[in-house]
Amino acid sequence: MSFGAAVQDGVRAHQAQLRARQARVRQGRSQSALPRFANDLTMSGDQGSIPLQSKKPAPPKPGLKVLDPSSIGVTNAYVRGNLHTPISTDEPGLTTTDLTIGSDFRVSEDLMIGAAAGGLGNAEAGGKTVSAYVTTQPLDKVFLDMSMSYGAHHSRSKWARSATGSTSGALDGTSRALSISLNTPRQFGEWHWSPYSRYDRVVTNVAARVASAAAATASYDLSAMALGSTAATTWATPFGPVQPMVMVEIQREVVTVAGIGTTASQTQGVIGFGMTTKVSRDMSAFAESRYESDLAATLDRQMVMGVKFVF
């Protein structure tokens, strides 16, 4: 993977974490109170993934009124993402593409604003991305999510030597990004559906730090349009509640590299399945699978199984 592509993957992963946070806040409008600090950090290796979550507060006693932490005028904070421990010696000891720390503030019933910072650290690139985002409800059951981001990144020295052909060569990159999505959550029987449309744009400028490096200045311009929906519910079983989830999406992506003169595009479909069940008060098991396919019939399959601990 090129340095510019690695940076854009990190910025898009950060955008996805912001959208997940915005969706969580929307769900909190009609569900239980959002925690003042939400920990959705996970740690994984080549064998699987284990989410690390803070212990939930004790339920309120009957008859006592508790202030909703996500109500108007209250600030909530959160951390999201995955820390990976690779076996390969070519990568740092702890890598991440989507580590995000942020905070948001409910201005009114129809407006929420927030800010976040994300970290990228893998074999090709390292750096930070900062973002501002907003969620508003312009119409009944229609939500607009928007985020604007800026990132500064650098190439890993070992990767840069092989990419630039210079023992002192290294690459720097800056990114500007925009994400806009419309969501229309609906309740059909026991299922909660959330159709959405989304537009993402990420522009990354890459330049060599030294004039002797072989890599020339380039600009990576990515735009993506997506349509999809998620669906989730809760089933009561003799073994406890089970929560299934389904996600379907089709996406059109175009990447233009100025300075190199290449343009690539692809249309792909994505379908995902998830299942979570509670094992005990402080532990639940989950399984997730994801399938991606483009028009060339290339199929990418991912599956994760693990256990969630609350502590």
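This text follows the structure it describes.
Reading the values: rules and limits
Residues numbered from 1 in each chain as written. Predicted model: local features only at pLDDT ≥ 70, side-chain atom pairs only at ≥ 80, totals over all residues. Heavy atoms only, no water. Helix = DSSP H or I, 4+ residues; strand = E, 2+ residues; numbered from the N terminus. Buried < 20%, exposed > 50% of the residue type's maximum accessible area, 1.4 Å probe, protein only. Contact = heavy atoms within 4.5 Å. Areas by Shrake-Rupley, 256 points an atom, 1.4 Å probe, with all protein chains shown as cover. Patch = residues over 30% accessible without salt bridge, like charges linked within 9 Å, V, L, I, M, F, W, Y side chains within 5 Å. Salt bridge = Lys/Arg side-chain N within 4 Å of Asp/Glu carboxyl O. Polar contact = N/O pair within 3.5 Å; in protein donor to acceptor, adjacent residues only side chain to side chain. Pairing = 2+ DSSP bridges.

**A word on the overall build of the protein chain**
Then comes step 1: Regarding its fold elements, the protein chain presents two helices and 16 strands.
Then comes step 2: Taking all 311 residues of the protein chain together, 40% fall into the buried category.
Then comes step 3: For the protein chain, the share of sequence-separated contacts (at least 6 apart) that also reach a separation of at least 24 residues comes to 58%.
Then comes step 4: Total accessible area computed for the protein chain in this model is approximately 16,800 Å², and 62% of it derives from carbon and sulfur atoms.

**Here's the deal with unusual backbone geometry**
Then comes step 1: Backbone geometry places Lys 141, a non-glycine residue, at a positive phi of 60°.
Then comes step 2: Here Lys 141 lies in the loop between strand E6 (125-139) and strand E7 (142-155).

**Some details on a nonpolar patch on the surface**
Then comes step 1: A grouping of Val 248, Ile 271, Phe 273, Tyr 291 and Leu 299 is seen on the molecular surface, where their side chains present a nonpolar patch of about 410 Å² in accessible area.
Then comes step 2: Its place among the elements puts Ile 271 in strand E14 (residues 262-280).

**Some points on the environment of Gly 274**
Then comes step 1: With respect to the helices and strands, Gly 274 occurs in strand E14.
Then comes step 2: Put simply, Gly 274 and Val 246 are 28 residues apart on the chain and 6.5 Å apart in space, counted from C-alpha to C-alpha.
Then comes step 3: With residues near it in sequence (within four places) discarded, Gly 274 still touches Gln 243, Pro 244, Met 245, Ala 287 and Glu 288.

**Considering the environment of Asp 200**
Then comes step 1: On the secondary structure map, Asp 200 appears in strand E10 (residues 191-208).
Then comes step 2: As for Asp 200 and Leu 222, which are separated by 22 residues in sequence, their C-alpha atoms are 7.9 Å apart.
Then comes step 3: Asp 200 has contacts with Arg 12, Gln 15, Arg 19, Leu 178, Ser 179, Leu 222, Ser 223 and Ala 224, leaving out every residue within four places of it along the chain.
Then comes step 4: Here the side chain of Asp 200 touches Arg 19 through a polar contact of 3.4 Å, side chain to side chain.

**Considering the pairing of strand E3 (residues 75-84)**
Then comes step 1: Among the 10 residues that make up E3, seven are buried, leaving the element largely enclosed by the rest of the structure.
Then comes step 2: Of the pairings in the sheet, the one linking E3 to strand E4 (residues 96-108) comprises six bridges and is antiparallel in character. When the sheet's bridge partners are listed, Arg 80 is paired in E4 with Thr 100.

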